[in-house]
Amino acid sequence: MSLRQRDPDDRVQILDTDGQVREGATVPDLSEDELVGMYRELRLGRHFDQRAVSLQRQGRMGTYPPLSGQEAAQVGSARALDAEDWLFPSYREHVAAYIHGWPLSDVLLYWMGTEEGNVAPEGVNAFTIAVPIATQIPHAVGAAWASSLQGEQKAFLTYFGDGATSEGDFHEGLNFAGVFDVPAVFFCNNNQWAISVHRERQTRSETLAGKAQAYGIQGVQVDGMDPLAVYAVTRDAVETAKTEEPAPAGEGPANRPTLIEAVQYRYGAHTTADDPSVYRAEEEVERWREKDPIPRMEAFLRDRGVLDDERIDAIEQEIQDEVAEAIDAAESHERPDPEEMFANVYADMPRRLDGQLEYLERLRARHGDEEVLES
């Protein structure tokens, strides 16, 4: 039985909270370099996140959605993709996009207000950032279906949060995926909070993975703070999406789609415009910090003799240099003209937006950019 065929209530886990391999668990067949690379990306995600929040607090970047605590889900799942596979992010998958080929400098550019940061580099199979909740799910399903009709062997992985499972786009996307048996992997980052709405107020379903049964597809729940377990589950789902033949319509469950629920926790705010202390207690955060993926992975690698203090120090220095270079590159880019906020939305600007643009132009003419844009 493959991991994706486990009961949705049976959470997949390989490492315990101390970084020890659980009894009966199988470590994925990855080389030492791949395992250390995974560790490096976990630490890079954490450091990038800290720097990005600092940039926002200094007024050097706009609103930013932190990812600390969710690194394992992003690293494990993105590493399970092949280069030809497609990644459809929501708005928090900074490290997942980076692993799939999206430069960190472009991630920063986007959150600094420059639309160029939201354009995939040539040869990178990744969709644009989706801030509206769950809208990327039908996009991913449509792309997966088109790819299947063309006879390609590609997987299409889309990320979304627990709150997205209450959206109509989630239902429509998974229902379509089940009916047409498309090669899609639905990756739900269940970080316990949809802004201020707790998971318990989101649904009465025992698990979010269990929702897959209603659509005739496989659902599996995984420890989203265990990078090895996330990799194993996602890789299984990706390979299945690309190798299984579509099931005939009306004849049993679909073969190819998988819904993965990665149980995890966001340590920081929903975005830098949010104050999580209003709706959750610090004691709750501290309980989840005991599951932190970085020390778990570090302990696992130390026990295998492939990581020591010297190598960790070298990795940390590399990460600091890489992130600093990304920040320099993003900040050296010419700042966008405020009028660009009206572009890239509609092919033909609606009258109401024309009116808003005209109003902005009058303000700038009357008061000057320094007064209007810096206030």
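Higher on the page you've got the structure.
Residues numbered from 1 in each chain as written. Predicted model: local features only at pLDDT ≥ 70, side-chain atom pairs only at ≥ 80, totals over all residues. Heavy atoms only, no water.

### Topic: the overall build of the protein
Note the threshold: Secondary structure elements follow DSSP: runs of H or I no shorter than four residues count as helices, runs of E no shorter than two count as strands, and numbering proceeds from the N terminus. Here the globule rule is a power law, 2.2 Å times the number of residues to the power 0.38, and the radius of gyration is based on C-alpha atoms. Accessibility here uses a 1.4 Å probe with only protein chains present; expressed as a share of the type maximum, an area under 20% marks a residue as buried, one over 50% as exposed, and anything in between as partly exposed. Whether two residues are in contact is decided by their heavy atoms: any pair within 4.5 Å suffices.
A count of helices and strands for the protein gives 12 helices and 7 strands. Here the protein has a C-alpha radius of gyration of 21 Å; the compact-globule value for 375 residues is 21 Å, and the two agree. For the protein, the residues scored as buried account for 52% of the 375 residues in total. Nonlocal contacts in the protein, meaning residues at least 24 apart in sequence, comprise 74% of its contacts between residues at least 6 apart.

### A closer look at the packing of helix α1 (residues 32-57) against helix α2 (residues 71-79)
Formally: Note on geometry: axes are lines fitted to C-alpha atoms, helical ones only across the stretch in contact, with angles between N-to-C directions running from 0 to 180 degrees. Note on angle classes: values under 35 degrees are labelled roughly parallel, values over 145 roughly antiparallel, values of 65 to 115 roughly perpendicular, and the remainder oblique. Left-handed is the label given to a crossing in which the near helix is rotated counterclockwise from the far helix by less than a right angle, and right-handed is the label when the rotation is clockwise. Note that Gly is not counted as nonpolar here; it falls among the polar residues with everything else outside the nonpolar set of Ala, Val, Leu, Ile, Met, Phe, Trp, Tyr, Cys and Pro and the charged set of Asp, Glu, Lys and Arg.
Viewed as axis vectors pointing N to C, α1 and α2 meet at an angle of 135°, and their least axial separation amounts to 9 Å. In terms of orientation, α1 lies oblique with respect to α2. Here α1 and α2 pass one another in a crossing that is right-handed. Where α1 abuts α2, its residues Glu 34, Gly 37, Met 38, Glu 41, Leu 42, Gly 45 and Arg 46 lie against Glu 71, Ala 72, Val 75 and Arg 79. Broken down by class, the residue content of the contact of α1 with α2 amounts to 4 nonpolar, 2 polar and 5 charged.

### Things to note about the pairing of strand β3 (residues 184-190)
What counts here: In this analysis, strands are considered paired if DSSP registers two or more bridges between them.
Counting buried positions along β3 yields 7 of 7 residues, so the element is predominantly enclosed. Sheet topology note: the strand β2 (residues 156-161)/β3 ladder contains 6 bridges and is parallel. Along β3, the bridge assignment pairs Gly 161 with Asn 189. Bridge count between β3 and strand β7 (residues 258-263): 6 bridges; the pairing is parallel. Bridge pairing in β7 places Asn 189 opposite Ala 262.

### Looking at the environment of Gly 19
The topology assignment puts Gly 19 in the segment before α1. Distance in space between the C-alpha atoms of Gly 19 and Gly 37 is 17 Å, their sequence separation being 18 residues. If sequence neighbours within four positions are ignored, Gly 19 has contacts with Arg 296, Ala 299 and Phe 300.

### Structural notes on the packing of aromatic side chains
The condition that has to hold: Ring pairs shown here join Phe, Tyr and Trp side chains whose ring centres sit within 6.5 Å, with only the six-membered ring taken for Trp; geometry is labelled stacked below 30 degrees between planes, edge-to-face above 60, and tilted in between. Whether a charge sits over a ring depends on NZ of Lys or CZ of Arg being within 6 Å of the ring centre and within 35 degrees of the ring normal.
Under the criterion given, the structure shown has 14 aromatic pairs. Each ring, one from Phe 88 and one from Phe 156, has its centre 6.5 Å from the other, and the planes form 50°; the classification is tilted. A residue pair is termed long-range when its members are at least 10 positions apart, and Phe 88 in strand β1 (residues 86-88) and Phe 156 in strand β2 qualify at 68 residues. This pair shows no difference in class: Phe 88 is buried, exactly as Phe 156 is. The rings of Trp 86, Phe 88, Phe 127 and Phe 156 are connected pair by pair, giving a single aromatic cluster. Its end group placed over the ring of Tyr 267, Arg 289 keeps NZ or CZ at 4.4 Å from the ring centre. Across from the ring centre of Trp 288, 5.8 Å away, lies the NZ or CZ of Lys 291, which sits over that ring.

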